[in-house]
Amino acid sequence: MIKKEFPFSKKITLSGKEALLLFLFVLFSLQAAGRGTAAEFESSGQITGWGTCNKNGSGSAGLRFLPQLSFDSPFGEGLEFGGEFSLNLSTSGTFHTWREFGDNASGKLYRSWLRVAGERFDLRFGLQRINFGPARLLRSLQWFDSLDPRDPLDVTDGVWGILARAYFPNNSTLWIWGLYGNDKLKGLEQYPSDEYRPEYGFRFQIPVPKGEMAFTYHNRRIDREWWKGRGLGVLSDAVEDRYALDGTFDLGIGLWFEAALSRIRRTSSDSLWTKYLTVGADYTLDIGTGIHVLGEHFIRDTEEETFHTTAVSIDYSLGILDTITFIGYFDWQEEEFHPNLSWQRTLDDWLLNVTAFSNGSEPGSVYSGTGILVTISYNF
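It should be emphasised that the depicted structure is a prediction, and the values quoted were computed from it without experimental measurement.

Quick word on the nonpolar core
The biggest cluster of nonpolar side chains holds 22 residues, and the ones touching the most others in it are Ile130, Phe132, Leu137, Trp143, Phe144 and Trp177. The set of elements that each furnish at least two residues to this core consists of strand E6 (159-167), strand E7 (173-179), strand E11 (254-267), strand E13 (291-301) and strand E15 (322-331). Here this core gets three residues from one element, more than from any other, and that element is E7. The residues contacting Leu137, other than those within four sequence positions of it, are Pro149, Leu294, Glu296, Ala311, Val312, Ser313, Ile327 and Tyr329. Grouped together as the second largest cluster of nonpolar side chains are seven residues, Tyr191, Ile222, Trp227 and Leu272 included.

In structure tokens:
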């Protein structure tokens, strides 16, 4: 049956903050255009198709379209004003339910932010990507994004907020942020935030001999109704404080660590503590075009139990266009090894990635189970 309406027409809805930011984006971009030919507008996008075939005989396929509009314009003496607006339009279905493609079509804002920047500062507000830390496979500092190292396209939802960065003459950097209206789980979070209470934090990075170190802090309120609905006990304070220290060093081989501590104050006298630690190293072997080997170990320690995961990544370029990458995870609790082997060809505008994987159950992930994933992407 042919649908007579655009499948996304009923599924793209804007909240108040989304509509306001979209209005501001259009308003300021038009003002930038009115300033003269110095304003630069650019439209771009990414079209991606993917399909999986699993060992159990099931399979699925999907399409995603990320259209993007951005602009940059001089704004006063030594300042630059700009913005970016993009959508995530997608649909998917299984081998047995191809008719679900229309029903599963959906759209949402992917990025929507405005920016003012000078020589030593950058201020950005809106729906944006915020991520930091040196770890690459098992990130203790995965606080605000859902990046998957197996994903060749690095697609992740953003967060609503304001991010300011200051760059100092000694190469140190200060980040300050405030987030609001983010009610979904972010990064490694197990409990969602109260979307009506602001979150805030900062990060200070400073160069040290042979590397760089940073201290990071974040404060937020847990969603009490969500907590109460799952019978998790008393939660009167509902405040989480996060502290982190990380560093990266070049000592002939690359070395780094991320150490984080989370304290959720359930009551004035009772707190839930969680500790995170990632240590990693990488080195490029002088074989052929160079074999890059990277390894990380991750520990998450709660009051009930401790989890250990080890990951390794090996990548080798076959030439200018082709790269072979192996990523493997070992779960010490389940004593299971999960390998992922991919071949990728990158052209000017096209990307082709074929990945064979064998992982545990990962609800909502295309890498769940055992199978093959083919991804084709076109950038324009």
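Structure shown, so let's carry the discussion forward.
Considering the packing of aromatic side chains
The final tally for this structure, using the stated rule, is 20 aromatic pairs. Consider the rings of Phe132 and Trp143, whose centres lie 6.0 Å apart with planes at 85°: the pair is edge-to-face. Of the two residues, Phe132 is situated in the loop between strand E5 (121-128) and E6 and Trp143 in the loop between E5 and E6; the sequence distance between them amounts to 11 residues. Each of the two residues, Phe132 as well as Trp143, counts as buried. One aromatic cluster is present, formed by Phe132, Trp143, Phe144, Trp175 and Trp177 through successive ring pairs. Positioned above the aromatic ring of Tyr110, the side-chain terminus of Arg111 is 4.0 Å from the ring centre.

Here's the deal with the pairing of E6
Successive side chains on a regular strand alternate, one facing one side of the sheet and the next facing the other. Two elements, E5 and E6, share eight bridges in a ladder whose sense is antiparallel. Among the inter-strand pairings, Gln128 is bridged to a residue of E6, identified as Val159. Bridge analysis of E6 against E7 gives seven bridges, and the strand direction is antiparallel. When the sheet's bridge partners are listed, Leu163 is paired in E7 with Trp177. Hairpin geometry of E6 and E7 is characterised by an intervening segment of five residues between the two adjacent antiparallel strands and by a positive phi of about 75° at Asn171.

Section: the pairing of strand E2 (residues 59-74)
For strand E1 (residues 40-54) and E2, the ladder comprises 14 bridges, and the chain directions are antiparallel. Bridge assignment links Ile47 to a residue of E2, and that residue is Phe65. As judged from the 13 bridges shared by E2 and strand E3 (residues 80-94), these two strands associate in the antiparallel manner. Considered in E3, the bridge of Ser73 is made with Phe81.

Notes on the environment of Glu42
Among the structural elements, Glu42 can be located in strand E1. Owing to a relative accessible area of 48%, Glu42 belongs among the partly exposed residues under this scheme. Once residues within four sequence positions are removed from consideration, Glu42 is found in contact with Gln68, Leu69 and Ser70.

Reading the values: the criteria
Residues numbered from 1 in each chain as written. Predicted model: local features only at pLDDT ≥ 70, side-chain atom pairs only at ≥ 80, totals over all residues. Heavy atoms only, no water. Core = buried A, V, L, I, M, F, W, Y, C linked by side-chain atoms within 4.5 Å. Buried < 20%, exposed > 50% of the residue type's maximum accessible area, 1.4 Å probe, protein only. Helix = DSSP H or I, 4+ residues; strand = E, 2+ residues; numbered from the N terminus. Contact = heavy atoms within 4.5 Å. Phe/Tyr/Trp six-rings, centres within 6.5 Å; stacked < 30°, edge-to-face > 60°. Lys NZ or Arg CZ within 6 Å of the ring centre and 35° of its normal. Pairing = 2+ DSSP bridges.

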